[in-house]
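Secondary and tertiary structure notes
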Amino acid sequence: MKLHYDLHLHSCLSPCGDMDMTPNNLVHMSMLNGIQMIALTDHNCCKNCRAAVEVGKEAGIVVVPGMEVCTSEEAHVVCLFPTVEAAEEFGAYVEKHSPLLSNRPEIFGEQVILNAQDEEIGREGRLLIGAADISASHVVDLVRQYGGGAFPAHIDKDSYSLFSSLGAIPPEAGFRAAEITARGNVEELKRQHPALSGMILLQNSDAHYLEHMPQAGPWIDLPDPTAECLIQAIRGEITPPWGRADT
């Protein structure tokens, strides 16, 4: 089944996420944009995933629970999970391996936890944008222990990416997919980094504001429209057809 996707979205739980990025707004804006599968990937936390998945089930859109982890090298990696429970268990692990820094909302913004009715049920007190004590070389194996899959985020950006931090994707890390921004020169990146030629090259929005959520473009053709099947593709266990917005 050909699915238009956006697998890198932030809610109002991320300190840099706008307060309009609620579970209902994320799901319904995606529907308006013609997207059938999204992933909620807040910084170092999964506490709005449960609400987003519930809203998605009601609306008929696949919501994959996830997280954008900041590794010890200060590189961002998107981690996706088959269930909310698995995501929350991984979130507890990340919390234990993150710096104990308190959020300062006046500087970094609020970190709001919502239910499926977009009602506030709490606020995350720890600052979510710090680097966790998790190496980029080990995150794939770690996420796999929770049934998930992972890919490096926005590798062509000059900050918070594996290329900017390490100069390359560590071959021992075991990534089978990677995210390149819409502006990234895919062919030039493949020439510079031949390992990319064998990967699914995802194109996501990394949206923190509703107005940055794009119309449908990138797609992947999965045997089943489920988080489990998507994770199989990200882990290299199946090789479905896929395309970026420009292909």
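What counts and what doesn't
Residues numbered from 1 in each chain as written. Predicted model: local features only at pLDDT ≥ 70, side-chain atom pairs only at ≥ 80, totals over all residues. Heavy atoms only, no water. Phe/Tyr/Trp six-rings, centres within 6.5 Å; stacked < 30°, edge-to-face > 60°. Helix = DSSP H or I, 4+ residues; strand = E, 2+ residues; numbered from the N terminus. Lys NZ or Arg CZ within 6 Å of the ring centre and 35° of its normal. Pairing = 2+ DSSP bridges. Contact = heavy atoms within 4.5 Å. Axes fitted to C-alpha atoms, helices over the stretch in contact; angles between N-to-C directions. Buried < 20%, exposed > 50% of the residue type's maximum accessible area, 1.4 Å probe, protein only. Parallel < 35°, antiparallel > 145°, perpendicular 65-115°, else oblique. Left-handed = near helix turned anticlockwise from the far one by under 90°. Nonpolar A, V, L, I, M, F, W, Y, C, P; charged D, E, K, R; others polar. Disulfide = S-S within 2.5 Å. Polar contact = N/O pair within 3.5 Å; in protein donor to acceptor, adjacent residues only side chain to side chain. Salt bridge = Lys/Arg side-chain N within 4 Å of Asp/Glu carboxyl O. Expected span 1.5 Å × (residues − 1). Arc of directions from axis to C-beta.

A short note on the packing of aromatic side chains
Applying the stated criterion across every chain, the model contains three aromatic pairs. Pairing Phe 90 with Tyr 146 gives two aromatic rings, centres 5.5 Å apart and planes at 75°, and the pair type is edge-to-face. With a gap of 56 residues between them, Phe 90 in helix H3 (residues 84-96) and Tyr 146 in the loop between helix H5 (139-144) and strand S7 (149-152) connect regions that are remote in the sequence. An aromatic cluster is present here, built from Phe 81, Phe 90, Tyr 93 and Tyr 146 joined pairwise through their rings. The ring of Trp 219 carries the charged tip of Lys 2 above its face, separated from the ring centre by 4.5 Å.

Focus on the sheet that holds strand S3 (residues 62-70)
One key point about sheets: their strands pair by backbone hydrogen bonds, in either a parallel or an antiparallel sense. In spatial order, the strands read S7-S4-S3-S2-S1-S10-S11; together these seven strands make up an open sheet with mixed pairing. For this open sheet the edge positions go to S7 and strand S11 (242-243), each flanked by a neighbour on one side alone. Note that strand S1 (residues 2-9) and strand S10 (residues 219-221) share three bridges and pair antiparallel. Counted as the bridge partner of Leu 3 is Ile 220 from S10. Along the sheet face, helix H1 (residues 23-32) touches S1, strand S2 (37-40) and S3 and points at about 155° away from the line of S2.

Here we look at the pairing of S3
With eight of nine residues buried, S3 is to be regarded as a mostly interior element. Bridge count for S2 against S3 is four bridges, and the pairing is parallel. Counted as the bridge partner of Ala 39 is Val 64 from S3. Two strands pair when backbone bridges link them, and S3 and strand S4 (residues 76-80) are joined in this way by five bridges, in the antiparallel orientation. Within S4, the residue paired with Glu 68 across the bridge is Val 78.

Details of the packing of H1 against helix H2 (residues 49-59)
Close contact between H1 and H2 brings their axes to 8 Å; oriented N to C, the two are set at 40°. When the axis of H1 is compared with that of H2, the two are oblique. In the crossing of H1 with H2, the sense of the turn from one axis to the other is right-handed. Across the interface between the two elements, Pro 23, Asn 24, Val 27, His 28 and Met 31 of H1 pack against Ala 51, Ala 52, Val 55, Gly 56 and Ala 59 of H2. Here the contact of H1 with H2 is composed, by residue class, of seven nonpolar, three polar and no charged.

Thoughts on the state of the cysteines
In this structure the tally under the stated criterion is zero disulfides. Cysteine Cys 12 remains unbridged, with the sulfur of Cys 45 as its closest cysteine sulfur at 11 Å. We note that Cys 229 lacks a disulfide partner, and the nearest cysteine sulfur, in Cys 79, lies 19 Å from it.

A closer look at the side chain of Glu 124
Along the chain, Glu 124 turns up in the loop between strand S6 (120-123) and H5. Of the polar contacts made by the side chain of Glu 124, one reaches the side chain of Lys 47; its length is 2.8 Å. Leave out the neighbours within four places in its chain, and Glu 124 touches Leu 13, Cys 45, Lys 47, Asn 103, Gln 111 and Ile 113.

A word on the pattern of salt bridges
Scanning all chains against the criterion turns up 13 salt bridges. In this structure, Glu 95 and Arg 126 form a salt bridge, with 3.6 Å as the shortest nitrogen-oxygen distance. Here the residue Glu 95 occupies a position in helix H3, and Arg 126 occupies one in the loop between S6 and H5, the gap between them amounting to 31 residues. Judged by relative accessible area, Glu 95 falls into the partly exposed class, the value being 33%. Two residues, Arg 126 and Glu 124, come together in a salt bridge whose shortest N-O distance is 3.3 Å. Using a relative accessible area of 11% as the deciding quantity, one classes Arg 126 as buried. Each of Lys 47, Glu 95, Glu 124 and Arg 126 takes part in a single network of salt bridges with overlapping partners.

Overview of H3
Between its terminal C-alpha atoms H3 stretches 18 Å, which fits the 18 Å expected from 13 residues at 1.5 Å a residue. Inspection of H3 places Val 84, Ala 86, Ala 87, Phe 90, Gly 91 and Val 94 among the buried residues, and these make up the whole buried set. All buried residues of H3 fall inside an arc of 155° around its axis, so they share one side. Residues of H3 that are buried in the fold lie against H2, S3, S4 and H5.

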